[in-house]
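# Remarks on the overall topology
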Amino acid sequence: MRTPGDIGARAEAMLAELAAFSDSDANLTRLYLSPAHRAAADRVAEWMREAGLDVGFDALGTVRGRLKPTAAGRAGNRRLLIGSHIDTVVDAGRYDGMLGVVAGILAAEELRSRSIDLPFGIDLLAFGDEEGVRFPTTLVSSSAVAGCLVPSDLDARDADGVSLRDALQAFGGDPQAAASTAYARDEALAYLEVHIEQGPVLEAEGLPLGIVTSIAGQSRFSITVTGEAGHAGTVPMTLRRDALAASAEMMLAIEDVARAGGAHQMVATVGRLAAKPGAVNVIPADVTFTLDIRADADAPRLAAIAELDARFRAIAGRRGVSVAMEKFYESPTTPCAPRLQEAFAGAARDLGLADRRLASGAGHDGHAMHHLTDVGMLFVRCRGGISHNPAEHATIDDMGLAVEALIKAVERLAADAASSGDLT
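Residues numbered from 1 in each chain as written. Predicted model: local features only at pLDDT ≥ 70, side-chain atom pairs only at ≥ 80, totals over all residues. Heavy atoms only, no water.

## A look at the nonpolar core
- Residues V44, F120, I122 and V410 are the most contacted members of the largest nonpolar core, which totals 83 residues.
- Of all the elements, helix α11 (residues 396–420) adds the most residues to this core, at 12 residues.
- Not counting chain neighbours up to four residues away, the residues in contact with I122 comprise G65, R66, L67, L80, I82, L111 and V410.
- If you look at the next biggest cluster of nonpolar residues, it comprises 24 residues, including F221, M266, V287 and A304. (Core = buried A, V, L, I, M, F, W, Y, C linked by side-chain atoms within 4.5 Å. Buried < 20%, exposed > 50% of the residue type's maximum accessible area, 1.4 Å probe, protein only. Helix = DSSP H or I, 4+ residues; strand = E, 2+ residues; numbered from the N terminus. Contact = heavy atoms within 4.5 Å.)

## Description of the packing of aromatic side chains
- Applying the stated criterion to the full structure yields three aromatic pairs.
- Taking the centre distance of 6.5 Å and the plane angle of 80° together, the rings of Y32 and F135 count as edge-to-face. Remark: F135 occurs in the loop between β4 (121–127) and α4 (140–146) and Y32 occurs in the loop between α1 (4–19) and α2 (35–50); sequence separation between them is 103 residues. Each member of the pair, Y32 as well as F135, is classed as buried.
- We note R38 situated over the ring of F57; from NZ or CZ to the ring centre the distance is 4.3 Å.
- The ring of F171 carries the charged tip of R38 above its face, separated from the ring centre by 5.0 Å. (Phe/Tyr/Trp six-rings, centres within 6.5 Å; stacked < 30°, edge-to-face > 60°. Lys NZ or Arg CZ within 6 Å of the ring centre and 35° of its normal.)

## Re the side chain of D129
- Relative to the helices and strands, D129 is located in the loop between β4 and α4.
- Buried D129, no salt bridge; nearest opposite-charge side chain is R134, N-O distance 8.8 Å.
- Within the structure, D129 has its side chain in polar contact with the backbone nitrogen of V140 (distance 3.0 Å). (Lys, Arg positive; Asp, Glu negative; His and termini not counted. Salt bridge = Lys/Arg side-chain N within 4 Å of Asp/Glu carboxyl O. Polar contact = N/O pair within 3.5 Å; in protein donor to acceptor, adjacent residues only side chain to side chain.)

## Describing the layout of surface pockets
- Taken as a whole, the largest pocket holds about 830 Å³ of empty space.
- Contributing to the lining of the largest pocket are 38 residues, with Q218, R294, G361, A362 and G363 lying nearest its centre.
- Secondary structure elements with two or more residues in the lining of the largest pocket: β7 (217–226), β10 (286–295), β11 (322–331) and β13 (357–360).
- Broken down by element, the lining of the largest pocket gets its largest block of residues, three residues, from β13.
- Among the residues making up the lining of the largest pocket, the classes are represented as 14 nonpolar, 17 polar and seven charged.
- Quantified by volume, the second largest pocket comes out at close to 420 Å³.
- Together, 18 residues line the second largest pocket, and T138, L139, S143, Y329 and H371 are the ones closest to its centre.
- Where the lining of the second largest pocket is concerned, the elements lending two or more residues are α4, β11 and α10 (366–369).
- The dominant element in the lining of the second largest pocket, judged by the number of residues it contributes, is β11, at three residues.
- Here the lining of the second largest pocket is composed, by residue class, of eight nonpolar, eight polar and two charged. (1 Å grid on protein atoms, 1.4 Å probe; cavity = no way out; pocket = protein on both sides within 12 Å on 5 of 7 lines; lining within 4 Å. Points joined across faces, edges and corners; volume = space filled by probe spheres on them. Nonpolar A, V, L, I, M, F, W, Y, C, P; charged D, E, K, R; others polar.)

The following block contains the structure:
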């Protein structure tokens, strides 16, 4: 039986090999349905076959590897789903998404080599389009698996005018068969995913692993503040209708409200700002900025948005400007099932690790998979909390522990299924 250190070293080698499949010679960039995505998917399929799985590609390009049940039981016709994504952002690191796919393959190898009885099957899934970089879509392949694909997404076009539908055909997929990729609801027992934390909490606390409680809900707005342009030298400060000064006060309100929501891991970000007319000697008349606000539950996030709307209007009234908030993205919170949290927590205890629970501020394929079945996630410490960056890093030891925790969580779910005949 391989040790966690051996498993972690194998994970690192696989991730290094996968990182070589890139659309760019200068960095790791692997976009959905690109030639590099196809090459990476083919290598993942080879690894799955070597692990003893039956392997195929679905109509949306997801690699699927199937491990059959090895023990009799009433759950034998159902499957535990394990996966993550193999597409990347531009100039990416090698761990985001890919670690979850590699961890699933290594866990399947160990489950077979250790002759662990499974009263259910296991399906490994290597998704694409989690990052939403090439097309104005996101989670296309996991949405198809979960049965919640929006058909119009297939008509989305990339920056070169190539439709997702055409790119899928070039990849070897079949847009006409998109509906056939979905699991029936009674097929799926649960969905598990291992992922780097993409944040600094675990490292700050000296912990290798964390159990995810929920995937944060997100709301995004475009906020427009309209004032009046004027001469920078002749309009007194008390008579100005300065859209930028009003926006600055609104941004401070955003920071204040988000900090007050710390108990719900609330964060808020202004990532884009534009002021017009944009001349050094003219008072800004129009300002547009974005707001991205997230929390571990929907109610506090929605309450914070309502409070910000009221505070923005009060600021606008005092300063003689107008303000409009336009929502352009909304994603509800995805809770992680308590039974799956407990499976990971028990696995952590078996390994002598702390039962640390935390929410995910980043989005994941679990957002889509929650439409199909219960979701559980395990976070792995990453150096400096850095992600979406070539400096992204997880240690061999931590990755080995993550795979062991995944194995032990599956064992716990198998024991539950064997005794009850189901996981529900």
